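Examining the three-dimensional arrangement
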Amino acid sequence: MNQMDQTKFCCSVCLDLLKDPVTIPCGHSYCMNCIKSFWDEEEEKKIYSCPQCRRTFTARPVLVKNILVEDLVEELKKTGLQAAPADHCYAGPEDVACDVCTGRKMKAFKSCLFCLASYCEKHLQPHYDVAPLKKHKLVEPSKKLQENICSRHDEVMKMFCRTDQQSICYLCSVDEHKGHDTVSAAAERTERQRELEVSRQNIQQRIQDREKDVKLLQQEVEAINQSADQTVEHSEKIFTELIHLIQKRSSDVKQQIRSQQETEVSRVKELEEKLEQEITELKRKDAELKQLSHTGDHIQFLHNYPSLSALSESTDSSSINIRPLSYFEDVTAAVSEVRDKLQDILREEWTNISLTVTEVDVLLSDPPEPKTRAGFLKYSCEITLDPNTAHKCLLLSEGNRKVTLMNKQQSYSDHPDRFTGSWQVLSRESLTGRCYWEVEWRGGGGYVAVAYKNISRAGSGYECLFGRNDKSWSLNYNNNKIPFQYNNSYTFLYNNIQTPVSGPRSSRVGVYLDHRAGILSFYSVSETMTLLHRVQTTFTQPLYAGLMLYYKYGDTAELIKLK
């Protein structure tokens, strides 16, 4: 029984020899499970079809085993022949098919550049056996063999025109490419192969370089992780020691309070007992005297009175001095003062710690400065104003984000950080890394600034004013164009040097800071952002945002909440 005979007994669904063969009304045979599964998928449509001829049946046919076909399949198996080639041997839509196979085509094993055809293993055999065919060039199966045919002359393209950089046939070389620099395709391939090898060497060298870079970066990651882990461990240990120290001090204070409490209560109780005893004695004496006062015997009265009238020494009332004290409340105040000092220290030192952390930068390349407002908003930071720095004529509101110039002083307590001579205020938060914030002005104008924390606070000299010293940078916003002061809407000041700044007038100013890169930029913000002034310098300390109002009472400036 030959191969064609064998394929007749294969199920067209599973492509294997029939198992439990059944024949449906159109005459085609299938494995019983295969046709059942196929019709199960068509159950919803209530129309059943033949997978081969596509004939349909409105009622699902009853399947009965075909004994004759089953016997023939068993006979086929006894001959020792294998089942039909598995499905993976046949060419699918994405495969290159054998050009010689008839019917269902097998996958091509090789393509011939001379025959311009593709062959399965069976039909390729002559290329191995026949002498003239052995000289043909065999390649991996290709669907693009027709691209090797000249569309003009229908000849195999075996030449290459260097002038036009295209493959051509021999007739092209003596026709429209006559006089051009033409070589054989093989020669051009050899030349390009050399270039390819050089390119590959360059690529391989770059791969090696990049692999070294990757290894270096991996080592850097490991070093960063190790350093971070160790620092976290050490920091936790230090903070734990601080916590234990505070807990120890808390325990000492508690023990001292309890000890003093016990001493004072004992003293009071002792005095209380003396007084109670004196009261008891006095009551007894009073009862005796009362009884004596009722006696009718004058002689007896006179005899007993001297002994009964004598009183024991009274407790000195001066020892009972209840002072109007708050007892231990002063201790609470003292502890609160310690807490406030610790908070101030932690706030100040936290800035240095945070700056030290953000200065850890392994890679030297910095991301570019944003170009759009959306880009700047990625670096937006929540900033609030510090009441301890505000001049007493400045009223803070809106969660300490808005400042208003008032015509009378506010009831702020004295503080060494407070500006006393200029209507200025600094932010509570220190600014390191990349930050962006916006200020909305209402009124005549003012200054939006950044400053070091050690800028002077007392007095009205230049050492205190934003932009008039080397500890602050400021942009003056002038909404009223005061003739005697400035002719521009904006003026930049640093170290008392004024730089006129031109730009569209807007009630909102954006400030961008890249502390590490030393970049400070001011923008006019409306529907678009316009750069007003940009500073490139080196910042040696953490910076704080600053605002100053100077024109008239009621003017406001607000740090806008950015989403």
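Residues numbered from 1 in each chain as written. Predicted model: local features only at pLDDT ≥ 70, side-chain atom pairs only at ≥ 80, totals over all residues. Heavy atoms only, no water.

**Description of the UniProt feature "domain: B box-type" (unreviewed entry) in the chain**
The feature "domain: B box-type" (unreviewed entry), as given by UniProt, occupies residues 145-185 in the numbering adopted here. Strand forms 22% of residues 145-185 and helix 12%; the C-alpha atoms that close the span are 15 Å apart. (UniProt positions renumbered as here; feature names shortened; annotations may be inferred. Helix = DSSP H or I, 4+ residues; strand = E, 2+ residues; numbered from the N terminus.)

**What to know about the sheet that holds strand β14 (residues 434-442)**
Pairing is antiparallel across the open sheet formed by seven strands, whose spatial order is β11-β12-β23-β14-β19-β20-β21. Edge positions in the sheet fall to β11 (394-397) and β21 (529-536), since each of these pairs with one other strand and no more. The mean inter-strand angle of the sheet, taken between neighbouring strand axes irrespective of direction, is 20 degrees. As paired strands, strand β19 (residues 508-514) and strand β20 (residues 519-525) are joined by six bridges and run antiparallel to one another. From the neighbouring strand, Asp514 faces β20, where its bridge partner is Ile519. (Pairing = 2+ DSSP bridges. Axes fitted to C-alpha atoms, helices over the stretch in contact; angles between N-to-C directions.)

**Overview of the packing of aromatic side chains**
Under the definition given, this model contains 16 aromatic pairs. With a centroid separation of 6.2 Å and 50 degrees between ring planes, the pair formed by Trp423 and Tyr553 is classed as tilted. With Trp423 in the loop between β12 (402-405) and β13 (424-431) and Tyr553 in the loop between β22 (543-549) and β23 (556-559), this pair connects stretches of sequence that are 130 residues apart. For Trp423, a relative accessible area of 26% puts it in the partly exposed group. Judged by relative accessible area, which is 48%, Tyr553 ranks as partly exposed. Feature note: the residues Phe376, Tyr379, Tyr436, Tyr512 and Tyr523 constitute an aromatic cluster, connected by ring pairs. The ring of Phe419 has Arg457 lying over it, and the distance from NZ or CZ to the ring centre is 5.2 Å. (Phe/Tyr/Trp six-rings, centres within 6.5 Å; stacked < 30°, edge-to-face > 60°. Buried < 20%, exposed > 50% of the residue type's maximum accessible area, 1.4 Å probe, protein only. Lys NZ or Arg CZ within 6 Å of the ring centre and 35° of its normal.)

**Some words on unusual backbone geometry**
Note: most residues except glycine have negative phi, and most peptide bonds are trans. A positive phi angle, close to 55 degrees, is found at Glu398, a residue other than glycine. Inspection of the secondary structure assignment puts Glu398 in the loop between β11 and β12. The backbone phi angle of Asn496 is positive, close to 70 degrees, even though this residue is not glycine. With respect to the secondary-structure elements, Asn496 resides in the loop between β17 (490-494) and β18 (497-501).

**Some remarks on the pattern of salt bridges**
Should their charged atoms come close, side chains of opposite charge can pair. Counted under the stated rule, the structure contains 31 salt bridges. Of the charged contacts in the structure, one is a salt bridge between Glu272 and Lys269, with a shortest N-O distance of 3.9 Å. Here Glu272 and its partner Lys269 are both found in helix α7 (residues 185-293), three residues apart, which amounts to about one turn of the helix. What makes Glu272 partly exposed here is its relative accessible area of 37%. With a relative accessible area of 46%, Lys269 lands in the partly exposed category. The salt bridge involving Asp514 is made with Arg434; its shortest N-O contact spans 3.1 Å. A residue pair is termed long-range when its members are at least 10 positions apart, and Asp514 in strand β19 and Arg434 in strand β14 qualify at 80 residues. Under the relative-accessibility criterion, Arg434 is labelled buried at 18%. (Salt bridge = Lys/Arg side-chain N within 4 Å of Asp/Glu carboxyl O.)

**What about the nonpolar core?**
Counting residues in each nonpolar core, the largest one holds 38 residues, and the members touching the most others are Trp437, Trp441, Val448, Trp473, Leu475, Leu520 and Leu547. Beyond its immediate sequence surroundings of up to four residues, Trp473 is in contact with Val448, Ala449, Val450, Tyr452, Phe492, Leu493, Tyr494, Leu520, Val535, Thr537, Phe539 and Leu543. Of all hydrophobic cores here, the second largest spans 21 residues; its members include Phe9, Cys50, Val69 and Val73. (Core = buried A, V, L, I, M, F, W, Y, C linked by side-chain atoms within 4.5 Å. Contact = heavy atoms within 4.5 Å.)

**Some details on a nonpolar patch on the surface**
Together, Ile238, Phe239, Leu242, Ile243 and Leu245 make up an exposed nonpolar region whose accessible area comes to about 450 Å². Considering the arrangement of structural elements, one finds Leu242 in helix α7. (Patch = residues over 30% accessible without salt bridge, like charges linked within 9 Å, V, L, I, M, F, W, Y side chains within 5 Å. Areas by Shrake-Rupley, 256 points an atom, 1.4 Å probe, with all protein chains shown as cover.)

**Regarding the confidence of the model for the chain**
On average, the chain scores 86 in pLDDT, and the residues at 70 or more come to 91%. The model gives residues 81-86 a pLDDT under 50, and that stretch makes 15 contacts with residues more than four places away or in other chains. Per-residue pLDDT stays below 50 along residues 481-487; that stretch engages in 15 contacts with residues further than four places along the chain or on separate chains. (pLDDT = per-residue confidence, 0-100.)

**What about helix α2 (residues 32-41)?**
Looking at α2, one finds that the buried residues are Met32, Cys34, Ile35, Phe38 and Trp39. Seen along its axis, α2 keeps its buried residues to an arc of 165 degrees; they face one direction. Among the exposed residues of α2, those oriented more than 90 degrees off its buried face are Asn33 and Glu41. Each element contacted by the buried residues of α2 is listed here: β1 (21-23), β2 (29-31), β3 (48-49) and β4 (56-57). (Arc of directions from axis to C-beta.)

**Observations concerning the sheet that holds β18**
Ordered in space as β13-β22-β15-β16-β17-β18, the six strands form an open sheet in which the pairing is antiparallel. Two strands bound the open sheet, and with one partner strand each, they are β13 and β18. For this sheet, the mean angle separating the axes of adjacent strands, direction not counted, is 20 degrees. Here strand β15 (residues 445-452) pairs with strand β16 (residues 472-478) via seven bridges, running antiparallel. In the sheet register, Tyr447 faces β16, and the bridge partner there is Asn476.

**Some details on the UniProt feature "coiled-coil region" (unreviewed entry) in the chain**
Here the UniProt-annotated "coiled-coil region" (unreviewed entry) positions come out as residues 200-227 and 254-295. Taken end to end, residues 200-227 has its terminal C-alpha atoms 39 Å apart, with 100% of it in helix and 0% in strand. Summarising residues 254-295: 95% helix, 0% strand, and an end-to-end C-alpha distance of 61 Å.

**Some words on the environment of Glu42**
Within the secondary structure, Glu42 is located in the loop between α2 and β3. Placed 347 residues apart in sequence, Glu42 and Thr389 show a C-alpha to C-alpha distance of 82 Å.

**Focus on helix α3 (residues 67-78)**
Because each turn of an α-helix spans 3.6 residues, side chains separated by three or four positions in sequence point in the same direction. In this model, α3 (twelve residues) spans 17 Å end to end at C-alpha, consistent with the 16 Å of a helix rising 1.5 Å per residue. For α3, every residue scored as buried is listed here: Val69, Val73 and Leu76. All buried residues of α3 fall inside an arc of 55 degrees around its axis, so they share one side. Among the exposed residues of α3, those oriented more than 90 degrees off its buried face are Leu68 and Lys78. Of the residues that open α3, the one with a side-chain oxygen 3.2 Å from the backbone nitrogen of Leu68 is Asn66. (Expected span 1.5 Å × (residues − 1). Polar contact = N/O pair within 3.5 Å; in protein donor to acceptor, adjacent residues only side chain to side chain.)

**Brief notes about the environment of Ile168**
The topology assignment puts Ile168 in strand β9 (residues 166-168). Ile168 sits 18 residues away from Cys150 along the chain, and the two C-alpha atoms are 6.6 Å apart. Leaving out residues up to four positions away in the same chain, Ile168 has contacts with Met157, Lys158, Met159, Phe160, Cys161, Ser173, His177 and Thr182.

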